[in-house]
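Coordinate analysis (summary)
Okay, here's what each chain looks like letter by letter:
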Amino acid sequence: LNGNLSAPHAMSEEEMTIFKGLVEGLSQASYSPPPEALALLEDKLIRWPQEAVFPVLDVTRALMCLPPVADKWASTAMAAYSMAYAQEGGVTPEALQQAQSKDMVLKTLLAGSCAGEARPPAGSVLMAMRAAATAAT
């Protein structure tokens, strides 16, 4: 999992221990991942190169099924988008990009893009997510 990656992508021994605990914890029905495990996933692992990221996407998918994690990620994204749009003078591309960097679902979809280097723009994926969510309700 970690052997073919170089810095800055490779996990340290401490990060490997955290990740192993996260994966093992997912087998428990009442698992609540520690903040450092979510931070590792959100800040480092989701940025792995496309050829290595798929195990991380599996873990992310499993975490999205845990209500506390889904609530945390949704709240973080909603707060970021709210702040971006609440700026005086309206939303700027920079503010929107900052908000998108806090959106774990969007980051997951972009990490799993099969388009290689020609990944779709974050804004296009975000609008597709909104359309899918609207159609599902």
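The preceding data block contains the structure.
Report follows, based on the coordinates. Quick caveat, the model's predicted, so the values are computed rather than measured. Sequence order as written defines residue numbering, which begins from 1 separately in each chain. Local features in this predicted model are restricted to residues of pLDDT 70 or higher, and side-chain atom pairs are both shown and tallied only at a pLDDT of 80 or more, whereas totals for entire chains, interfaces and linings draw on every residue. For side-chain calculations, the full set of non-hydrogen atoms in the structure is used, while hydrogens and water are omitted.

**Description of helix H2 (residues 35-43)**
Burial classes follow relative accessibility: with a 1.4 Å probe on protein chains only, a residue under 20% of its type's maximum area counts as buried, one over 50% as exposed, and anything between as partly exposed. Helix numbering and strand numbering both begin at the N terminus, where a helix is a DSSP run of H or I of at least 4 residues and a strand a DSSP run of E of at least 2. Taken together, the buried positions of H2 are Ala37, Leu38, Leu40, Leu41 and Glu42. Should any heavy atoms of two residues lie within 4.5 Å, those residues are considered in contact. Turning to H2, the residues buried within the fold contact helix H1 (13-25), helix H3 (54-64), helix H4 (67-85) and helix H6 (104-111).

**Points about the packing of H1 against H2**
To obtain each axis, a line is fitted to C-alpha atoms, and for helices this fit is confined to the stretch in contact; angles are then taken between N-to-C directions over 0 to 180 degrees. Direction vectors running N to C along H1 and H2 enclose 105°, while the axes themselves pass 9 Å from each other. Classed by the angle they form, the pair H1 and H2 counts as roughly perpendicular. Mapping the contact onto sequence places Glu15, Ile18, Phe19 and Leu22 in H1 and Glu36, Ala37 and Leu40 in H2. Only Asp, Glu, Lys and Arg are considered charged, only Ala, Val, Leu, Ile, Met, Phe, Trp, Tyr, Cys and Pro nonpolar, and every remaining residue, Gly among them, polar. Residues of the contact of H1 with H2, tallied by class, amount to five nonpolar, no polar and two charged. Note that the term roughly parallel is reserved for angles under 35 degrees, roughly antiparallel for angles over 145, roughly perpendicular for angles of 65 to 115, and oblique for everything else.

**Concerning the pattern of salt bridges**
Any two side chains of opposite charge can pair if their charged atoms end up close together. Salt bridges are defined as contacts in which a side-chain nitrogen from Lys or Arg sits within 4 Å of a carboxyl oxygen from Asp or Glu. On inspection of all chains with the given rule, the structure shows three salt bridges. Between lysine 44 and glutamate 15 there is a salt bridge, with its nearest N and O atoms 2.8 Å apart. Of this pair, lysine 44 sits in the loop between H2 and H3 while glutamate 15 sits in helix H1, placing them 29 residues apart in sequence. We note a salt bridge from glutamate 42 to lysine 72, for which the minimum N-O separation is 3.2 Å. In this pair, glutamate 42 sits in helix H2 while lysine 72 sits in helix H4, placing the two residues 30 residues apart along the sequence.

**A few points about the nonpolar core**
The nonpolar core is taken to be a set of buried Ala, Val, Leu, Ile, Met, Phe, Trp, Tyr and Cys residues, with the residues joined through side-chain atoms within 4.5 Å. By size, the foremost hydrophobic cluster in this structure holds 23 residues, and its most contacted members are Leu45, Trp48 and Leu63. Of all the secondary-structure elements, those providing two or more residues to this core are H1, H2, H3, H4 and H6. Ranked by size, the runner-up nonpolar core spans eight residues in total, among them Ala77, Ala84, Ala99 and Leu110.

**Here's the deal with the environment of aspartate 103**
Topologically, aspartate 103 is positioned in the loop between helix H5 (93-100) and H6. On the basis of relative accessibility, which here comes to 5%, the residue aspartate 103 falls in the buried class. Here the alpha-carbon distance between aspartate 103 and glutamate 42, two residues 61 residues apart in the chain, equals 9.4 Å.

**Quick look at the packing of H3 against H4**
Relative orientation of the contacting elements H3 and H4 amounts to 100°, with a least axis distance of 7 Å. One element, H3, and the other, H4, form an angle in the roughly perpendicular class. Listed contacts from H4 to Thr60, Leu63 and Met64 of H3 are Val69, Ala70 and Trp73. Residue composition of the contact of H3 with H4, grouped by class: five nonpolar, one polar and no charged.

**Things to note about H4**
Every helix has an expected span of 1.5 Å times one less than the residues it contains. Here H4 spans 26 Å end to end across 19 residues, near enough to the 27 Å set by a 1.5 Å rise per residue. Listed in full, the buried residues belonging to H4 are Val69, Trp73, Ala77, Ala80, Tyr81 and Ala84. In a view along the axis of H4, the buried residues occupy a sector of 95°, so they form one face of it. Turned more than 90 degrees off the buried face of H4, the exposed positions are Pro67, Pro68, Asp71, Met78 and Met83. The arc in question is traced by the directions running from the helix axis to the C-beta atoms.

On their own, these measurements won't tell you what the molecule is for.
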